[in-house]
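# Commentary on secondary and tertiary structure
Residues per chain, in single letters:
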4 protein chains.
Amino acid sequence: MQIGMIGLGRMGANMVWRLARDGHQCVAYARHAETVNAVLRDGVTGASSLEDLVSKLETPRVLWLMVPAAAVDSTLDVLKPLLSPGDIIIDGGNSHYQDDIRRAEQLKEMQLHYADVGTSGGTHGLERGYCLMIGGEKDIVEHLKPLFVTLAPGHAAAAPTPGRDKPDSSAEQGFLHCGPSGAGHFVKMVHNGIEYGIMGAYAEGLNILRNANIGKLEHEVDAETTPLRNPEHFQYDLDLGEIAEVWRRGSVISSWLLDLTADALLKDPQLDAFAGRVSDSGEGRWTINAAVDEGVPVPILSAALFQRFSSRGNGDFSGKVLSAMRAGFGGHAEKPAK
Amino acid sequence: MQIGMIGLGRMGANMVWRLARDGHQCVAYARHAETVNAVLRDGVTGASSLEDLVSKLETPRVLWLMVPAAAVDSTLDVLKPLLSPGDIIIDGGNSHYQDDIRRAEQLKEMQLHYADVGTSGGTHGLERGYCLMIGGEKDIVEHLKPLFVTLAPGHAAAAPTPGRDKPDSSAEQGFLHCGPSGAGHFVKMVHNGIEYGIMGAYAEGLNILRNANIGKLEHEVDAETTPLRNPEHFQYDLDLGEIAEVWRRGSVISSWLLDLTADALLKDPQLDAFAGRVSDSGEGRWTINAAVDEGVPVPILSAALFQRFSSRGNGDFSGKVLSAMRAGFGGHAEKPAK
Amino acid sequence: MQIGMIGLGRMGANMVWRLARDGHQCVAYARHAETVNAVLRDGVTGASSLEDLVSKLETPRVLWLMVPAAAVDSTLDVLKPLLSPGDIIIDGGNSHYQDDIRRAEQLKEMQLHYADVGTSGGTHGLERGYCLMIGGEKDIVEHLKPLFVTLAPGHAAAAPTPGRDKPDSSAEQGFLHCGPSGAGHFVKMVHNGIEYGIMGAYAEGLNILRNANIGKLEHEVDAETTPLRNPEHFQYDLDLGEIAEVWRRGSVISSWLLDLTADALLKDPQLDAFAGRVSDSGEGRWTINAAVDEGVPVPILSAALFQRFSSRGNGDFSGKVLSAMRAGFGGHAEKPAK
Amino acid sequence: MQIGMIGLGRMGANMVWRLARDGHQCVAYARHAETVNAVLRDGVTGASSLEDLVSKLETPRVLWLMVPAAAVDSTLDVLKPLLSPGDIIIDGGNSHYQDDIRRAEQLKEMQLHYADVGTSGGTHGLERGYCLMIGGEKDIVEHLKPLFVTLAPGHAAAAPTPGRDKPDSSAEQGFLHCGPSGAGHFVKMVHNGIEYGIMGAYAEGLNILRNANIGKLEHEVDAETTPLRNPEHFQYDLDLGEIAEVWRRGSVISSWLLDLTADALLKDPQLDAFAGRVSDSGEGRWTINAAVDEGVPVPILSAALFQRFSSRGNGDFSGKVLSAMRAGFGGHAEKPAK
């Protein structure tokens, strides 16, 4: 199937190659010519501009956008006058699902189709395949199926769920038409919200393990420091890397994220390469906002998000307020950082 | 290797079979004769009492306790006078690691050895193997290695961590000597704490997905109900089972717990078999208490624990206090349950 | 000063009386004639319709809306054609501050002025006065000052902050021009968010005190129930009402909300009149959404909101997911409700 | 009434003066003579040693310990051989209630009495009085009543709770016999747990207000930064000090802690004197541990505690784990601190 790919970053380039490797004809475009040149190989043609890209595609065209969420609307503004009724635009990036709803409506007025495809798999997707969560019109999604089949990991990526007998289901191949416009990014948004929670659960647990030797440490004795009541209970020097490795086999908490953690701890046991300032892309935030709007309690997912905010110092002023109150009622002075 | 197994519940019976299947000689004991009879097969001998069990084992004996945490001390009280110096007792259940420290010290006075083995894998362990987290004396753990090798899942249970070159490590086989007495159950405790967090992350995310159609519902209009500002953003009827299935392939959040979730949603899409009252065994609680003692922030793991407490109604009185205050300052009356 | 009050519920009626009592001329309107009649007294004139209300006010008119947030826009639609350039509309209800921004812009095109006034004080405001958080144009707020002075509690409502020397400040009288349109409701929104957090802190603490006798209770002994390790530490039958009362004097946590709690516990020591299903008006939700947008961590305020969601059963499906997983990996069956 | 005070820090010295001012005879002891000399005045006698202190008191002696929790046991070890049957020891510091239970039992064997008195009021207690939460034997508490009456704030410290008709209750004077040994410190522990929650609620709310101008700021545009969707909604420069001041009058969230906050913001509007590293004394921790043991959900109180842990960098390793995972699956690099 022919496809035009717009945006050739980490994700887009790998997707082009995975598609071409499976026989699809890809026309690739990015803003910088060298980026385009870097992806060229059998089955991949380059385009020098959006106009060039559009001209190289047969109608009904299929265009896959793999650009930052903030660049989608401006790209669409350029594209729209170049396209013909019946053309299909896919947003495979990290757009807010509410933008999908708006965009689909606007494109529909021009007889253009829009599909939103939440794409999980990160930089490993070229080999591992991409989990695709798709929103849009049913027949359009059906039309695009050959692309999804190629990009998705396929049946073999996981053992069959016992007793499942849904031979027509695409979910077992790793892609799913979730619902109308926005449904794909909605499901991907929640996927990322869950991801934050799972990551945070491992992180907190490893932090407890790391401090299991706190009873061996000298502790300051002053009114601002809580004494450890039972230092004899915290005398363990645990090897986090080996623990992550052992959990990978047979434990209840084995997962791909644990695999990555074991990998990271193997290469850098104290994780010294990192400061602990954790970014958040939008999905974690939007997940919380959606839950709040729905009236659904999400104490875990929100704690995971706020942990990231705090890691970047965004809660420091709150700490100042607390210290100011403590000085006010108890004459407590802050202890300096060690 | 010869081993005496005490306690033949879901876990103990499966472990006996896995051991016998691999050539170990098992003497099995449980309080009820029919329980003992039910596990008998090639390589498994029954015992009619703890005395009988002890008499059938050669010294130095190896006894593996697989009984409820609350029954360990009373079992040890009966066992101790029957044993000989050099015998080894393994607690493979869910004991609090602080009890391990105490027990190991007491047994040491009698020249008895003690190993604590946190055992993960649940009812699937017979086929899948058990992830074993072990605390105790180094040479004792070394001595018991043949048992651990059999019980653990083995190398093939997970793909090798890239670049890992530790051929002597047991972690890759699925068991690990974590440290001195209590270290095994400490690591298992934190494992369960993490488990709670991961489970809760999936649960909250699925709850958001399930309510993605809230904009379609009629909403009451009264001062006690927050209006939904944008009902057009919540019009999705999502198929949770298919979503869980698609996430199993290629997504960042694939895991064994997700596999189980897909399985559960396949068999009971609305999970009608459950009321949502979630029990907690002790480890989640002890994890929080350990974190608090260490001064380690665990907002996610604690949220997961408290979610379970609340699901059993333990927070209802808090709700009454809130409603009473609202009545006090605003004349708000509680809305009845639907 | 002359003022037209639209909406005569708990809040509106009391505000009319407080204004009239201080010499302002009030024209009062509500949809039902009997509601209007019920507020009539010296200084209060009734209106039979919005047209009648507008006709009874001298220009530039001052109209104060005290209607549900959901009714503001429809009320404005009726009012707008009746008004004259220079007239002032005040929204004293619980509008979302983003609606204020939009409305102020729309009204400005018609040369109408808009002020948003977050009003705290509840049903006690008639005697206690109202804390007023105001957004809008500076000169309009200045023009309305006589109304604010009457409605606010006044200096004597709190002891002076030591060293404060701001004789011109209105804050010490209980009203504040916070900023441009929306600023009043923004500050009120956060006020309510904080209110949720404080209420929840008391509620959780009282729940701990109430369960301080848990060591006296019989506990079930089964694999799904965590045993209490130290029952001797939980043998207290505490009198919550007396504790709330004693905290009112000299403690760090004395507050008006504590006063209300002591009052409620006095009248209903077990709070049997309440089921614990806690409503939330919109402000708590909007507070979280604003924090998320700002990137500010709010673990406490969000926990307070989610506690309310859970109290209404909105987290039950999450619990079902957890129970389903536990059944899946451990064969655990849910315990029935007692 | 005659009383021996041991420990003359911020709290102890003020209590001696408040007692002496009301006619009680105080014998005061601290480790350093100059500390003792500094508290001497009418009604206050100094002691040069614990022996000297004991010798100056008539039997049955009343000794009030106002020393760090960590120093109580060692002080009792010195005192015990000096005392006579019937003497009374009061621990007015911040002991763990479980230590009270143990100490009371040990002292009872020597026919000594023990009362635990949780004391709230901080450095303001001399003028404001102390809220006293008392545990111990009923007749001993009754015997000590004259001291409690003097130390407590008295009826006038709060308006009467409407409809309350309990003329014999001490709670209205500001002290309360909560129950047997440990009950006083248990209630004080929970008081502090609540205090953390309330403080955190204000802190988070003020942090949201402070960032209400985030839409005015330049934002970095990169894949690691979430764009602000609606900058026009965050254009407020709010005056936190004036807002705290206005909330003191008529709002639902007026409290003593708010008074202190207004005071702090008046003197240091940006709270530049503080770094935001917040200490925690033990009570907040013990509160969470007690709640966990009771099975009571405390999402707010725990969030408040963990916020403090994080403010001191105790969560930094968790952040490193998260960053390492993000690098692993998405090639994300950490953004440097600004």
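Structure: see above.
In short, a report on the structure.

What counts, and at which threshold
- Residues numbered from 1 in each chain as written.
- Chains lettered and ligands numbered in written order.
- Predicted model: local features only at pLDDT ≥ 70, side-chain atom pairs only at ≥ 80, totals over all residues.
- Heavy atoms only, no water.
- Contact = heavy atoms within 4.5 Å.
- Buried area = accessible area lost by both parts, 1.4 Å probe.
- Salt bridge = Lys/Arg side-chain N within 4 Å of Asp/Glu carboxyl O.
- Polar contact = N/O pair within 3.5 Å; in protein donor to acceptor, adjacent residues only side chain to side chain.
- Helix = DSSP H or I, 4+ residues; strand = E, 2+ residues; numbered from the N terminus.
- Nonpolar A, V, L, I, M, F, W, Y, C, P; charged D, E, K, R; others polar.
- Least-squares fit on C-alpha atoms with pLDDT ≥ 70 in both.
- Buried < 20%, exposed > 50% of the residue type's maximum accessible area, 1.4 Å probe, protein only.
- Core = buried A, V, L, I, M, F, W, Y, C linked by side-chain atoms within 4.5 Å.
- Phe/Tyr/Trp six-rings, centres within 6.5 Å; stacked < 30°, edge-to-face > 60°.
- Lys NZ or Arg CZ within 6 Å of the ring centre and 35° of its normal.
- Pairing = 2+ DSSP bridges.
- Axes fitted to C-alpha atoms, helices over the stretch in contact; angles between N-to-C directions.

With that settled, consider the interface of chain C and chain B. Each partner contributes to the interface: chain C provides 65 residues, whereas chain B provides 65 residues. Taken over both partners, the interface formed by chain C and chain B buries close to 5700 Å², and the fraction arising from carbon and sulfur atoms is 60%. The partner of Asp99 of chain C in a salt bridge is Arg229 of chain B, and the shortest N-O contact between them spans 3.0 Å. The interface formed by chain C and chain B contains 22 residue pairs in polar contact (both at pLDDT 80 or more). For the side of chain C that touches chain B, the secondary structure elements donating two or more residues are α9 (183-210), α11 (256-267), α12 (282-294), α13 (299-311) and α14 (316-330) of chain C. A per-element tally of the side of chain C that touches chain B places α14 of chain C first, with 15 residues. Across the side of chain C that touches chain B, the residue classes tally to 23 nonpolar, 24 polar and 18 charged.

Here chain C sits on chain B after a turn of 180° about the axis and a move of 0.0 Å along it, with an RMSD of 0.0 Å. Taken together, the rotation and translation relating the two chain copies correspond to the operation of a two-fold axis.

Side chains that differ in sign of charge can pair as their charged atoms come close. Residues and elements named next belong to chain D. Throughout the structure, instances matching the rule amount to 76 salt bridges over all chains. Linking Asp259 and Arg248 is a salt bridge whose minimum nitrogen-to-oxygen distance equals 2.8 Å. Within this pair, whereas Asp259 is found in helix α11 (residues 256-267), its partner Arg248 is found in the loop between α10 (240-247) and α11, the two being separated by 11 residues in sequence. Look at Arg248 and you get buried, because its relative accessible area is 6%.

On to the relation of the copies chain A and chain B, then. The two copies are related by a screw motion: chain A maps onto chain B through a turn of 180° and a shift of 0.0 Å along the axis, at an RMSD of 0.0 Å. When the interface residues of chain A are mapped onto chain B, 100% of them are again interface residues, pointing to one common binding face.

Burial of nonpolar side chains together is a common tendency in soluble globular proteins. Formed by 260 residues in total, the largest nonpolar core has its most connected members in Trp247 of chain A, Trp247 of chain B, Phe186 and Trp247 of chain C together with Phe186 and Trp247 of chain D. Those residues within four positions of Phe186 of chain D in sequence are excluded, and the remaining contacts are Ile208, Leu209, Ala212, Phe234, Tyr236 and Leu238 of chain C together with Tyr97, Ala290 and Glu294 of chain D.

Moving on: the packing of aromatic side chains. Counting across every chain of the model gives 24 aromatic pairs over all chains. When the centroid spacing of 4.8 Å and the interplanar angle of 80° are considered together, the rings of Tyr97 of chain B and Phe186 of chain B count as edge-to-face. With a gap of 89 residues between them, Tyr97 of chain B in helix α5 (residues 97-109) and Phe186 of chain B in helix α9 (residues 183-210) connect regions that are remote in the sequence. In terms of burial, Tyr97 of chain B and Phe186 of chain B fall into one category: buried. Every member of this aromatic cluster is reached through a ring pair, and the members are Trp64, Phe148 and Phe175 of chain A. In this structure, Arg41 of chain A is placed above the aromatic ring of Trp17 of chain A, and the distance from its NZ or CZ to the ring centre is 3.9 Å. For Arg128 of chain B, the ring lying beneath its charged end belongs to Trp256 of chain B, and the centroid distance is 3.6 Å.

It is worth spelling out the sheet that holds strand β5 (residues 88-91) of chain A at this point. Residue and element names in this part refer to chain A. Reading across the sheet, the 8 strands line up as β3-β2-β1-β4-β5-β6-β7-β8 and stay open at both edges, with mixed pairing between neighbours. Pairing within the sheet leaves two strands with one partner each, and these edge strands are β3 (44-46) and β8 (175-179). The average angle at which neighbouring strand axes cross in this sheet is 25°, direction not considered. Taken together, the 3 bridges between strand β2 (residues 25-29) and β3 define a ladder with parallel strand orientation. Counterpart to Val27 in the pairing with β3 is Thr45. In this fold helix α1 (residues 10-21) packs onto β1 (2-6), β2, β3, β4 (62-65) and β6 (113-120), with an angle of close to 165° to the strand it touches most, β1.

This part covers the interface of chain A and chain B. In this assembly, 93 residues from chain A lie in contact with 93 residues from chain B. A per-residue breakdown of the area chain A buries against chain B is headed by Tyr236, Arg249 and Val252 of chain A, which together make up 11% of the total. On the surface where chain A and chain B come into contact, there are 6 salt bridges. One salt bridge in this structure joins Glu245 of chain A and Arg164 of chain B, with 3.7 Å as the shortest N-O distance. Broken down by secondary-structure element, the contributors of at least two residues to the side of chain A that touches chain B are α5 (97-109), β7 (131-135), β8, α9 (183-210), α10 (240-247), α11 (256-267), α12 (282-294) and α13 (299-311) of chain A. Per-element tally for the side of chain A that touches chain B: the top contributor is α9 of chain A, with 17 residues. Taken together, the residues of the side of chain A that touches chain B break down into 51 nonpolar, 26 polar and 16 charged.

This brings us to the side chain of Asn192 of chain D. Position of Asn192 of chain D relative to the elements: it lies in helix α9 (residues 183-210). Residue class for Asn192 of chain D comes out buried when judged on its relative accessible area of 6%.

Residue and element names in this part refer to chain C. Pairing is mixed in the open sheet, where 8 strands are placed in the order β3-β2-β1-β4-β5-β6-β7-β8. Here the strands that pair on one side only, and so sit at the sheet edges, are β3 (44-46) and β8 (175-179). Averaged over all adjacent pairs, the angle separating strand axes in this sheet is 25°, with direction ignored. Where strand β1 (residues 2-6) meets strand β4 (residues 62-65), 3 bridges bridge the pair, whose relative direction is parallel. Within β4, the position partnered with Met5 by the bridge is Trp64.

Bear in mind that shape data such as this cannot, by itself, settle questions of function.
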